[in-house]
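# Chains, contacts and geometry: an overview
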Amino acid sequence: MIHNPKMECMGREEMTALQSERLRKIVKTCYEKVPFYKNKMDKMGIKPEDIKGIEDIHKLPFTTKHDLRDEYPFGLQATPMSEVRRIHASSGTTGKPVVDTYTDNDIANWAEGVARVMAVGDIGPGDVVQVSYGYGLFTGGLGAHDGAHVRGAVQLPTSAGNSEKQIMLMKDFQSAALCCTPSYALHLAECIEKSDQVKIEDMNLRVGFFGAEPWTEGMRKELEAKLHIKAIDIYGLTEMSGPGVGGECEYQCGTHLWEDMFYPEIINPDTLEPCKPGEFGELVFTSLCKEAMPIIRYRTRDLTRLIYDKCKCGRTAVRMDRILGRSDDMMIIRGVNVFPSQIETVLTEFPAFTPQYFITVDRKNNEDTFDLDVELRSEFFSPNPSKQMPYIKPLYDRIVSLIGIKPNIHIKEPGGIERSIGKAKHVKDLRNFQN
Ligand code: DLL
């Protein structure tokens, strides 16, 4: 079901005109109300009148996470606090959190973006939407909550954690949708499998809205098979309000971005020049409707590409490919670029392994070391190392051929790798003590 056919299926010309009108307005607001943008634009010799339409967007300055931290907490706010109704923040690994603030309209637009994704699962009145993203400063919980509200569904604010209770409520309240990180969804699926009290057949789940971290097609297959659902990818970031910047349609062939609200660009992260259509690069967003804290050309660090081909679902909103990883997640090991998601992709090719993994990178005798903890499923596990060898060898060969580095593989017992209730942590890099 399409939530907002007018916006989601708008013709390209009309969309460009709408984006242009919204861009002109947001640039004027930023210039007049946010000294940070006025200074940047003055330095570049750009005035709001120079921005005639969306085709001029490349004349505008970028905004980085670093800028947001420098302007902490409210330096980028364009409205007085009396118009702000909510504050969210995302905790980075270091330093001050990134803050976003919202007017009433901002909250309504944000909820609309999430509702568009939930409509893909036909979520509506009578459907219990179990929101197992964390509630709090993190945008996942309240974002999914408000989206379910717009769809007229029943909001079940379980928040993250307490898995046994999540499962009990999922069964007793007959939740139709589960919203959480894909890694937590997998953990819940494993708990259901192990449980003597509940079986997946007792559940009424039909769809999951999973996001907040990169995940793979293999992980999708696993979640769909274990939870008997359709697993839909939902994307977003705090700087652009939160979840619901875009989401997959029922064909699961890329994430439709809600271009009427968030204008996407793909740039080469080294040269900062636009990439050719279809080329992989860094995703950049301009929030076209945000009132409290509009952001121009935000460098997300997410690496992906845009797909402009027509989609079977009828939506014209541009699609983005799965997020390959974040440029700041990329590890360089013995000179080779490695993304954690590549390991997940390989693992899901091997039925004996769960998709759980943990990477430890270190440097010994001036050489990078790459240790990979993986988990065998209970039916394949044996504590006897010689019985593990037949599983290690093909996995090792596949990683070497695909990624080009030789891992030291360590087999853990089922459940031996720590599970997370929110975004999963997959890497410890001891070389610079930053991760
Ligand atoms: O993770 C918002 C969100 C909540 C999205 C719930 C989806 C569901 P942040 O904490 O600011 O916001 O983190 C944003 O998470 O730049 C991506 O690197 C990553 N991310 C979010 N969704 C996806 C996804 C929320 N579907 C950062 N696939 C983003 C891959 C994702 N990465």
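Quick notes on the rules
- Residues numbered from 1 in each chain as written.
- Predicted model: local features only at pLDDT ≥ 70, side-chain atom pairs only at ≥ 80, totals over all residues.
- Heavy atoms only, no water.
- Pairing = 2+ DSSP bridges.
- Helix = DSSP H or I, 4+ residues; strand = E, 2+ residues; numbered from the N terminus.
- Axes fitted to C-alpha atoms, helices over the stretch in contact; angles between N-to-C directions.
- Contact = heavy atoms within 4.5 Å.
- 1 Å grid on protein atoms, 1.4 Å probe; cavity = no way out; pocket = protein on both sides within 12 Å on 5 of 7 lines; lining within 4 Å.
- Points joined across faces, edges and corners; volume = space filled by probe spheres on them.
- Near = heavy atom within 4 Å.
- Polar contact = N/O pair within 3.5 Å; in protein donor to acceptor, adjacent residues only side chain to side chain.
- Areas by Shrake-Rupley, 256 points an atom, 1.4 Å probe, with all protein chains shown as cover.
- Domains from an automatic or database assignment.
- Buried area = accessible area lost by both parts, 1.4 Å probe.
- Salt bridge = Lys/Arg side-chain N within 4 Å of Asp/Glu carboxyl O.
- Buried < 20%, exposed > 50% of the residue type's maximum accessible area, 1.4 Å probe, protein only.

By definition, the strands of a sheet pair up through backbone hydrogen bonds, in either a parallel or an antiparallel sense. Sheet architecture is open: 4 strands sit in the order E20-E19-E18-E21, paired in mixed fashion. Strands at the two margins of the open sheet, each flanked by one partner only, are strand E20 (408-412) and strand E21 (427-429). Shown here is a sheet whose adjacent strand axes are inclined to one another by a mean of 15 degrees, direction ignored. Those strands touched by helix H11 (residues 385-403) are strand E18 (353-364), strand E19 (367-376) and E20, and its axis lies near 140 degrees from that of E20.

Time to look at empty space enclosed by the protein. Regions of empty space are outlined by a rolling probe, equal in size to a water molecule, passed over the atoms. Counted according to the given criterion, the structure contains 3 cavities of 30 Å³ or more. Looking at the largest cavity, its volume works out to about 70 Å³. What lines the largest cavity is Asp106, Asn109, Trp110, Ser241, Met261, Phe262, Ser287, Leu288, Cys289 and Lys290. It is helix H5 (residues 104-120) that contributes the most residues to the lining of the largest cavity, 3 residues altogether.

Neighbouring residues of the ligand: 20 residues in total, closest Asp233, Ile234, Thr238, Asp302 and Lys423. Separating a nitrogen atom of the ligand from a side-chain N or O atom of aspartate 233 is a distance of 2.7 Å. Between the ligand and isoleucine 234, the relevant distance is 2.8 Å, taken from a nitrogen atom to a main-chain nitrogen or oxygen of the residue. In isolation the ligand has 610 Å² of accessible area, and contact with the protein removes 94% of it. Those elements giving two or more residues to the shell around the ligand turn out to be helix H6 (139-150) and strand E7 (230-237). Per element, the largest residue contribution to the shell around the ligand is 5 residues, and it comes from E7.

The next subject is the domain arrangement of the chain. Looking at the chain, the domain boundaries give domain 1 (1-324) and domain 2 (331-433). Just the C-alpha atoms count here: the centres of domain 1 and domain 2 sit 30 Å apart. The contact between domain 1 and domain 2 buries some 1,400 Å² in all, and 55% of this surface belongs to carbon and sulfur atoms. For the interface between domain 1 and domain 2, the tally reads 2 salt bridges. Between arginine 419 and glutamate 190 there is a salt bridge, with its nearest N and O atoms 3.0 Å apart. Scanning the region where domain 1 abuts domain 2 turns up 8 residue pairs in polar contact (both at pLDDT 80 or more).

By the secondary structure assignment, threonine 139 is in helix H6. With relative accessibility at 4%, the residue threonine 139 sits in the buried group.

The next subject is the environment of glutamine 197. Summarising the element assignment, glutamine 197 is placed in the loop between helix H8 (182-194) and strand E6 (207-211). C-alpha of glutamine 197 to C-alpha of methionine 320: the two residues are 123 residues apart in sequence and 41 Å apart in space.

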